[in-house]
Amino acid sequence: MITLLLILCLIMAIVPFVWSSARAVSTSAVIMSTLVFGVGAYAAWPTLWGAPTILSGGLWYLDSLSSLMVLLITFVQWTATISSMSYLKEEVDENAVTVPMVRRYYALLGLFVLAMLATIVSNNLGFMWVALEATTLATALLVAFYARQGSLEAAWKYLILCSTGISLGLIGLLCVYYAASVVNAATGLQAIDWTHLFTIAPTLSPALMRVAFAFILIGYGTKVGLVPMHAWLPDAHSRAPSPISGVLSGVLLNAALFAILRYKALVDGSMGSNLWTNELLLWFGVLSVIVPAAFILLQTDYKRLLAYSSIEHMGLMAFSIGLGGVGVIAGVIHMIGHALTKSMLFFDAGNILLRFKSTKFARVGDVMRVLPYSGAFFLVGLLALLAVPPSPLFMSEYLIISTGIVNHPWAMMIVLIALTIILAGFVNLFMPFLFSRAHLAESEAVVPEEVGEHWGISHMAFSLHVVLIAAIGVFLWTTPGQTLLVHLAAVIT
Amino acid sequence: MLTALLMVSRMRLASLVGLFRIQAFLLGFYALDLGIRLGELHLFIIAGLVLVLKAVVIPTLFLYVARSTGAVQRLESYLRPTTLSFIGTLLVLGAFLLARAALWGGTNYLIVGVSFSLVILGLLLLITRKDLFGQGMGFLVMENGIFVFGLALTGGTPFFVEIGVMFDLLALFVLMIGLVRRVHGEYSSVTTDYLRELID
C-alpha cells in the first residue's frame, strides 16, 4: 500500500508533462493529488489506531506517529495543489508564469511530496537521510521558482545551509552505524534498520550515541529551523510561491522533527533514560521561541512574519517534547494544529499577495473589505494560530504551560514572556492589515481597483482546513481522542 | 590530504578545481585500498564511482560552467590567503587533537583526523568565500571529509545508502550549477555581494 502511495506520487510528478495547456496540467495534478490523499488516508488510517506494522519486507515502517504524519502530509499536499490551481491560474493570466513553469511546478511538488513521505515511512535510517536530502533538492528549485533576485538568494542560502546541515546529520548516522556494527555482526542495510536498532538500543555505546545525537540535532535541526540554524527559513518561506510555503512550513518542518524523534528514541534506549535528550530539545526549544519573538514584533513583511511564527511553533514543539510526560502529548497536538493552521494561512496569504502585489504590511490594508472570503479565513486562521479555542493549539499550549510550570518553571517563564510578545506583535500588525487602511501612507498605498471576490476553489480548501481544525480541536477533548493521543505519545517517549 | 589546506589559500578557480580533482583521486584510491584489504566488492564499485564522478565529471562541469558564464578567474574571499592558510593550519591541528580525544576502538586515528580536518576546512571555505563557486567547492570538500569518515569508521555505509548519497550529491551539484547560472544571468556576477537583500 505504501509502495503504491509512493509510486502514485511519482506519477503525480510525471503527469504534468503529458498535457499542453496550463489548465489541463492543473486539473490532472489536482486529480492525482486527490488520489494520493485517498490512498494515503486508506493506508495510514488503520495503523494510526492500531499496532505498528513493517511493510514490504522491512522497507517501510508505520507506527501511529508516522501514520499521523502521512495523513497530515497527504492532506496538506492535497489542499496545496487545490490552492495552487487558482494561484497559478491567476499568475498565468497575468503572464507572470509560463506553461512550462507550471509543468515544472507540479512536477517538483510531486517529487517533494514523494521525498517527504519516504522520509516518514522509511524504516532504514540511511534511506531516511537520502529522502530528507531529496526534499531539500526538490524544494530548492521551487523556492527559486520566480527566478527573481530575492528568490535566487533565498534558494542558494536554503540549498547550502540545509545541505550542510544534513551532511552533518550524516556524520551522526555514521556514528550510529558504527555503534551498531561494533556490538553486532549484522552488517549492510539491515544494520541501520530503525526497528532493528531499536531492539538492540540498550547494547549500543552511550558515549557514541551521544555524539551521534549531537550531530543529528544540529544537522536535522537545521531543517526543522531550530534557532541558531534557522537563517534559511524566513527567506525560503517568504520567497517561495505561497502554496509551497504552506507545505514547507506546515509539514516539511514536522518531517524533519520526526526524523530527530526517531533518533531520540534510539539514544534514549541506549542511555537508559531520556533526561539528556530532553534537556537538549528543551533549551533549543526555548531559544527558538524567544528569538523569533523579537523578529515578529518588528516585522514589515507578512509572509516573513508567518515564517518566523513557524520557527516559534517548531520551538514550542521541541520545548514541549523536551518537557517529557504530558508535554509529549502536547507536542503531538501542537504538531497537528500547527500543520493545519499554518499551511492554510500561507495558502491564504497567496490570495492576498495576488491581489495586492506586495508582501509588505505597509502596502496592504483593509483586507476584510477587499477580499471578504480570504480575509475571513485569514482571521479565523490567525485566531486558531493564537490558540483561541476550539483550536487544537489551545489544548496543547494549555498542557505545555501546566506541565512546564511544574517541571521547568524558569524555562516556562521565559517562553511565556516570549509568547506574550508574539501575541502582541500579531495583533499589532494584523488588525490594521485586516480591518483598516489608516496605516498606509497615502502615496505608497496600492489600492486595488477591484473590491470583493468570488468564492473560489481555494476557499473550498480553506473551509476544509477550518472544519478539520475545529473538529480535531473538539475531538481531542473526548475520550477516544485522548486514547489516541496517549497512543501517539507512546511512540516518542 | 594536504590538498584541502592548499585549497583554502588558492584564489584562482582553475587551481582550486585542480586541487579538488587530486583530492578526489586520493579519496578514490583510499576506497580502493580499503576494498582490497577488506576484500569487499562494493567498495570497489564505490571507488570507481568516486573516481568517475568526483575526479572527472564534477570538476570538468565546474570548469565548463565557469567558462560559459565567463566568471572571473580570480575569486574573492573575506580574508587574505595568508591569513586563511594560517587559520587553516590551526584548524587542522585542532581536528587532529579532536580525533585523538575521540578515538574510538580500533579505528585509525590518523584517518579520522584527516576526515575531521577535511570537514572543518570545507566549512572554512564555505564561510570565507564570497563567490558561489568557492562556496560550492567548500561544500564538496566537506562532503569528501564525511565520506572519508564513513570509510575509516565502518568501511563505508551499506551499498544502497552509499549510492543514494552519491545520487543526492550529484543532484545537488547539478542544482548548484543551475542556480549559479541563473544568478549569473540575473546579476552578471557570481559573487554573493549582490545576494544580501534578505536580512533582518
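S.K.: Which parts of the structure should I look at to understand the overall build of chain A?
M.R.: Scanning chain A from terminus to terminus reveals 19 helices and 2 strands. In summary, chain A has a C-alpha radius of gyration of 22 Å against a globular reference of 23 Å for 493 residues, a match within 12%. Reported as C-alpha extents along the three principal axes, the dimensions of chain A are approximately 70 × 55 × 45 Å. Within chain A, buried positions represent 64% of all 493 residues. Taking all contacts inside chain A whose residues are at least 6 apart in sequence as the whole, residues at least 24 apart take part in 80%. Of the accessible surface of chain A, which amounts to about 15,800 Å², a share of 72% is contributed by carbon and sulfur atoms. Taking the average place of the 20 positive charges on the side chains of chain A and the average place of its 21 negative ones, the gap between the two points comes to 4 Å.

S.K.: I would appreciate a short explanation of the environment of Tyr87 of chain A in the present structure.
M.R.: Residue and element names in this part refer to chain A. Mapped onto the secondary structure, Tyr87 falls in helix 3 (residues 64-93). Assessed through its relative accessible area of 3%, Tyr87 is described here as buried. Taking C-alpha positions, Tyr87 is 25 Å from Gln299, a pair spaced 212 residues apart along the chain. In this structure, Tyr87 is in contact with Tyr146, Pro241, Ser242, Pro243, Gly350, Leu353 and Leu354, ignoring residues within four places of it in sequence.

S.K.: When you look at unusual backbone geometry in this model, what are you seeing that I'm missing?
M.R.: Keep in mind that most residues, glycine aside, have a negative phi and that most peptide bonds are trans. Residues and elements named next belong to chain A. Across the junction of Pro389 and Pro390, the peptide omega takes the value 10 degrees, indicating a cis bond. You can see Pro390 is positioned in the loop between helix 15 (372-385) and helix 16 (392-407). Positioned with a positive phi, Asn95 is a non-glycine residue whose angle comes to about 60 degrees. Within the element layout of this structure, Asn95 appears in the loop between helix 3 and helix 4 (99-121). Among the residues examined, Asn95 registers a relative accessible area of 68% and is labelled exposed.

S.K.: Before we go on, may I ask you to explain the interface of chain B and chain A in this structure?
M.R.: How big an interface is tends to be stated in terms of accessible area lost as the parts join. Contact residues are listed per partner, giving 40 residues for chain B and 45 residues for chain A. Together chain B and chain A conceal approximately 3,800 Å² of surface at their shared face, both sides included; 75% is due to carbon and sulfur atoms. Across the chain B-chain A interface, the total number found is 0 salt bridges. The interface formed by chain B and chain A holds 2 residue pairs in polar contact (both at pLDDT 80 or more) in total.

S.K.: Would you take a moment to explain the pattern of salt bridges for this structure?
M.R.: Where side chains of opposite charge bring their charged atoms close, a pairing between them can arise. Residues and elements named next belong to chain A. For the coordinates displayed, the defined rule picks out 8 salt bridges over all chains. Between Arg304 and Asp235 there is a salt bridge, with the nearest N and O atoms lying 3.0 Å from each other. Note that Arg304 is positioned in helix 12 (residues 302-323) and Asp235 in helix 9 (residues 232-239), a separation of 69 residues in sequence. In terms of burial, Arg304 and Asp235 fall into one category: buried. Residue Asp268 pairs with Lys264 through a salt bridge whose shortest N-O separation is 3.0 Å. Residue Asp268 and its partner Lys264 are located together in helix 10 (residues 242-271), separated by 4 residues, close to a single helical turn. Residue Asp268 is classed as buried on the basis of its relative accessible area of 10%. Residue classification places Lys264 among the buried residues on the basis of a relative accessible area of 1%. Through salt bridges that share partners, Lys157, Asp235 and Arg304 make up one connected network.

S.K.: Whenever I open this one, the nonpolar core confuses me. Can you help?
M.R.: Soluble globular proteins tend to pack their nonpolar side chains together in the buried interior. Leu125, Phe378 and Phe433 of chain A are the most contacted members of the largest nonpolar core, which totals 247 residues. Element by element, the count of residues in this core is highest for helix 6 (residues 149-183) of chain A, at 20 residues.

S.K.: Would you mind showing me how to read the confidence of the model for chain A here?
M.R.: Should the pLDDT be low somewhere, the predicted coordinates at that spot are not to be read in detail. Looking at chain A as a whole, the pLDDT averages 88, with 96% of positions reaching at least 70. The weakest mean pLDDT in chain A belongs to strand 1 (residues 53-55) of chain A at 79; the strongest belongs to helix 12 of chain A at 93.

S.K.: Hey, could you run me through a nonpolar patch on the surface in this one?
M.R.: Residue and element names in this part refer to chain A. Taken together, the side chains of Trp283, Leu287, Ile290, Trp410, Met413 and Ile414 make up a nonpolar region of the molecular surface, amounting to roughly 610 Å² of accessible area. Those elements giving two or more residues to the nonpolar patch turn out to be helix 11 (275-297) and helix 17 (409-435). Mapping Met413 onto the fold places it in helix 17. Met413 gets classed as partly exposed once you look at its relative accessible area, which sits at 41%.

S.K.: I'm lost on the packing of helix 13 (residues 326-356) of chain A against helix 18 (residues 457-475) of chain A in this one. Help?
M.R.: How two helices sit against one another is set out by the angle between their axes and by the gap between those axes. Residues and elements named next belong to chain A. At a closest axis distance of 10 Å, the pairing of helix 13 and helix 18 adopts a crossing angle of 155 degrees. Compared by their axis directions, helix 13 and helix 18 come out roughly antiparallel. In this structure, helix 13 crosses over helix 18, and the sense of that crossing is left-handed. Listed contacts from helix 18 to Ile336, Leu340, Thr341, Ser343, Met344, Phe347, Asp348 and Asn351 of helix 13 are Ser458, His459, Phe462, His465, Val466, Leu468, Ile469 and Ile472. Looking at side-chain class alone, the contact of helix 13 with helix 18 contains 9 nonpolar, 6 polar and 1 charged residues.

S.K.: Is there a simple way to think about the side chain of His459 of chain A in this case?
M.R.: Mapping His459 of chain A onto the fold places it in helix 18. What makes His459 of chain A buried here is its relative accessible area of 2%.

S.K.: Any chance you could explain the confidence of the model for chain B here in plain terms?
M.R.: Residue and element names in this part refer to chain B. Per-residue pLDDT for chain B averages 72, and the proportion of residues at 70 or more is 72%. When pLDDT is averaged over each helix and strand of chain B, the minimum, 54, is found for helix 1 (residues 3-9) and the maximum, 79, for helix 6 (residues 132-154). In the predicted complex, the global pTM is 0.90; the interface-specific ipTM is 0.84.

S.K.: Explanation requested: the packing of aromatic side chains in the structure shown.
M.R.: Given two aromatic rings, one states the distance between the centres and the angle between the planes to describe the pair. All names here are of chain A. This structure, assessed with the given rule, holds 27 aromatic pairs over all chains. Between Tyr158 and Trp232, the ring centres sit 4.9 Å apart and the planes meet at 35 degrees, which makes this aromatic pair tilted. With Tyr158 in helix 6 and Trp232 in helix 9, this pair connects stretches of sequence that are 74 residues apart. According to the relative accessible area criterion, Tyr158 is buried, its value standing at 0%. A centroid spacing of 5.7 Å and a plane angle of 45 degrees characterise the contact between Phe378 and Phe433, whose relative ring orientation is tilted.

S.K.: Would you mind showing me how to read the packing of helix 3 of chain A against helix 13 of chain A here?
M.R.: Residues and elements named next belong to chain A. Taken N-terminus to C-terminus, the directions of helix 3 and helix 13 make an angle of 5 degrees; their axes are 10 Å apart at the nearest point. Judged on the interaxial angle alone, helix 13 and helix 3 are roughly parallel. On helix 13, the residues touching Leu65, Leu68, Met69, Leu72, Phe75, Val76, Thr79, Ala80, Ser83, Tyr87, Glu90 and Glu91 of helix 3 are Val332, Met335, Ile336, Ala339, Leu340, Ser343, Phe347, Gly350, Leu353 and Leu354. Split into classes, the residues belonging to the contact of helix 3 with helix 13 amount to 16 nonpolar, 4 polar and 2 charged.

Analysis parameters
Each chain has its residues counted from 1, running along the sequence as written. All chains are assigned letters beginning at A, and all ligands numbers beginning at 1, according to the order in which they are written. In view of the model being predicted, local features appear only for residues whose pLDDT reaches at least 70, and side-chain atom pairs are presented and counted only at 80 or more, with totals across whole chains, interfaces and linings using the full set of residues. Note that water and hydrogens are dropped before the side-chain values are worked out from all heavy atoms of the structure. Secondary structure elements follow DSSP: runs of H or I of four or more residues count as helices, runs of E of two or more count as strands, with numbering from the N terminus. Radius of gyration: over C-alpha atoms. The globule rule applied is 2.2 Å multiplied by the number of residues raised to the 0.38 power. Relative accessible area decides the class of each residue, using a 1.4 Å probe on protein chains only: under 20% of the type maximum gives buried, over 50% gives exposed, and in between gives partly exposed. Contacts are residue-level and defined by heavy atoms, with any inter-residue pair within 4.5 Å sufficient. To measure how exposed things are, a 1.4 Å probe is used in the Shrake-Rupley method; for residues, cover is taken only from the protein chains shown. Within this scheme the basic residues Lys and Arg register as positive and the acidic residues Asp and Glu register as negative, but His and the chain ends are omitted. Working definition for charges: the position is that of NZ of Lys, CZ of Arg, CG of Asp or CD of Glu. The term buried area refers to how much accessible surface (probe radius 1.4 Å) is lost by two components on association, counted for both of them together. We define a salt bridge as a side-chain nitrogen of Lys or Arg found within 4 Å of a carboxyl oxygen belonging to Asp or Glu. Pairs of N or O atoms within 3.5 Å make up the polar contacts considered here, provided that, within protein, one atom can donate a hydrogen while the other can accept it, and that residues adjacent in sequence are counted only when both atoms are side-chain atoms. Throughout this description, the term nonpolar core refers to a set of buried Ala, Val, Leu, Ile, Met, Phe, Trp, Tyr and Cys residues connected via side-chain atoms within 4.5 Å. Predictor confidence is given residue by residue as pLDDT, running from a minimum of 0 to a maximum of 100. The residues that make up patches have over 30% relative accessible area and no salt bridge, and they are joined within 9 Å when like-charged or within 5 Å when they are Val, Leu, Ile, Met, Phe, Trp or Tyr. Geometry is summarised by axes, namely lines fitted to C-alpha atoms with helices restricted to the contacting stretch, and by angles between N-to-C directions that run from 0 to 180 degrees. With respect to orientation, any angle under 35 degrees is reported as roughly parallel, any angle over 145 as roughly antiparallel, any angle of 65 to 115 as roughly perpendicular, and every other angle as oblique. Handedness of a crossing follows from how the near helix is turned relative to the far one, being left-handed for an anticlockwise turn of less than a right angle and right-handed for a clockwise one. Note on residue categories: nonpolar means Ala, Val, Leu, Ile, Met, Phe, Trp, Tyr, Cys or Pro, charged means Asp, Glu, Lys or Arg, and polar means any other residue, Gly included. Two rings from Phe, Tyr or Trp (for Trp, the six-membered ring) form a pair when their centres sit within 6.5 Å of each other. Planes less than 30 degrees apart are called stacked, planes more than 60 degrees apart edge-to-face, and all others tilted.

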